[in-house]
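Structure at a glance
The lines below spell out each chain.
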Amino acid sequence: MMFSNLWNKRKAIKTAKSWEGGLKTLSDELRSDPDIVLEAVKEYPGAFKFASPGLKNDLDFVLKVMNIFVDTKSTYFNKRGELLLETMEVISEPLKDNRDFILQAIGMNAECFSFASKRLHGDSNFLVEAVEVNWEILFFCKTKISGDYETNFLIAQKTYGDALQFVAPKWLNNKKFILALIKAWEEDEELNFYWRPNIWLNELSERLLSDRDVVLAAVSLNGANLQYAAEKFWSDKEVVLAAVKSGDGYSIIYASKTLQKNREIILAAVSSCPGQFKSILTLSPELNSDREVVLAAVSCPDLGDDFELVAESLRDDKEVVLAAVHAYGFNLKFVSDRLKADKEV
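The rules behind each value
- Residues numbered from 1 in each chain as written.
- Predicted model: local features only at pLDDT ≥ 70, side-chain atom pairs only at ≥ 80, totals over all residues.
- Heavy atoms only, no water.
- Helix = DSSP H or I, 4+ residues; strand = E, 2+ residues; numbered from the N terminus.
- Buried < 20%, exposed > 50% of the residue type's maximum accessible area, 1.4 Å probe, protein only.
- Contact = heavy atoms within 4.5 Å.
- Axes fitted to C-alpha atoms, helices over the stretch in contact; angles between N-to-C directions.
- Parallel < 35°, antiparallel > 145°, perpendicular 65-115°, else oblique.
- Left-handed = near helix turned anticlockwise from the far one by under 90°.
- Nonpolar A, V, L, I, M, F, W, Y, C, P; charged D, E, K, R; others polar.
- Expected span 1.5 Å × (residues − 1).
- Arc of directions from axis to C-beta.
- Polar contact = N/O pair within 3.5 Å; in protein donor to acceptor, adjacent residues only side chain to side chain.

Attention shifts here to the side chain of Ser 336. Residue placement: Ser 336 occurs in the loop between α20 (318-327) and α21 (337-340). Judged by relative accessible area, Ser 336 falls into the buried class, the value being 17%. What Ser 336 contacts, discounting residues up to four positions off in sequence, is Arg 315 and Asp 316.

Written out as structure tokens, the structure reads:
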């Protein structure tokens, strides 16, 4: 009896794999067999629509099917988006209303959210949870996002500014809301010094773009925000210093011409972001022979091959060279012949 069942199963698998509609020709019992259906789907992804209602309602099995498509080694990987959506279309309604399943599905493709139940689309708490998994689900939300403070704040906070376009305008123009948002990011331990959210000041009203408290907080978080601030702040030394000290020395390019030449700001820029030394030289080429500026820049591995741009006289300066080589060994090829022969170097 066992041999007969095994033979029948192998025969069923062969039939199911013979063409896309092969699974459809099998009995309800065989179309309820996970092994048979999985083999059919591996051969013909569209065969899943012929699986039994029970399998279409089986969370673990449906995820197993979907994982076939997102496997980078799968021949279907390049069509994964299309295949995932086709799968979502035919699964059971209860599964489309299952929080755990939807969260896993949107982790594979944000558009899967468009098949989630109306109840989940209208659940603000679930929406915030889903945004943490994949904020792009907001493009496929079928109901209007709640206008309350908490929902909008959490969406903005957890997406690090990427989803500000979905935040209600009244909150984007609310000073307390924006300052609280920036403070939350500043206190976020998952953010490192070299990557901070861009508040996208261009999303805010002109009133807030001209508000010194908002601009100062925004550029302190991420210097790149300086480009969106009202022009008057490009000449504000305190604001520009805060921007270049944020870890984005490159933001000096958004400062006024006068402040781009300010020595305190230049030193702060190269110290906080030596990797931008080359860019800073485009503003003030003469800085390549400024010993204090060069020493500040070469003390960090981020300088890379930019040491080649340093004036020859400083590439023959032992203190400068030692700092440069210690930070990045490959800088040795740019030092003077005299110091290449120095055993201490």
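This next bit is on the packing of helix α4 (residues 59-70) against helix α5 (residues 80-90). Put simply, α4 and α5 touch, their axes get as near as 9 Å, and they point 165° apart. By the criterion of interaxial angle, the relationship of α4 to α5 is roughly antiparallel. Handedness of the α4/α5 crossing: right-handed. Contact residues: α4 offers Val 62, Met 66, Phe 69 and Val 70, while α5 offers Arg 80, Leu 83, Leu 84, Thr 87 and Met 88. Residue classes in the contact of α4 with α5 are distributed as seven nonpolar, one polar and one charged.

Below, the discussion takes up helix α12 (residues 175-186). Since the α-helix advances by 3.6 residues per turn, residues separated by three or four positions end up pointing in the same direction. For α12, with 12 residues, the first-to-last C-alpha span of 17 Å sits near the 16 Å given by 1.5 Å per residue. Residues Phe 177, Ile 178, Leu 181, Ile 182, Ala 184 and Trp 185 constitute the buried set of α12. Seen along its axis, α12 keeps its buried residues to an arc of 160°; they face one direction. A distance of 3.0 Å separates the backbone nitrogen of Lys 176 from a side-chain oxygen at the start of α12, and that oxygen is part of Asn 174.

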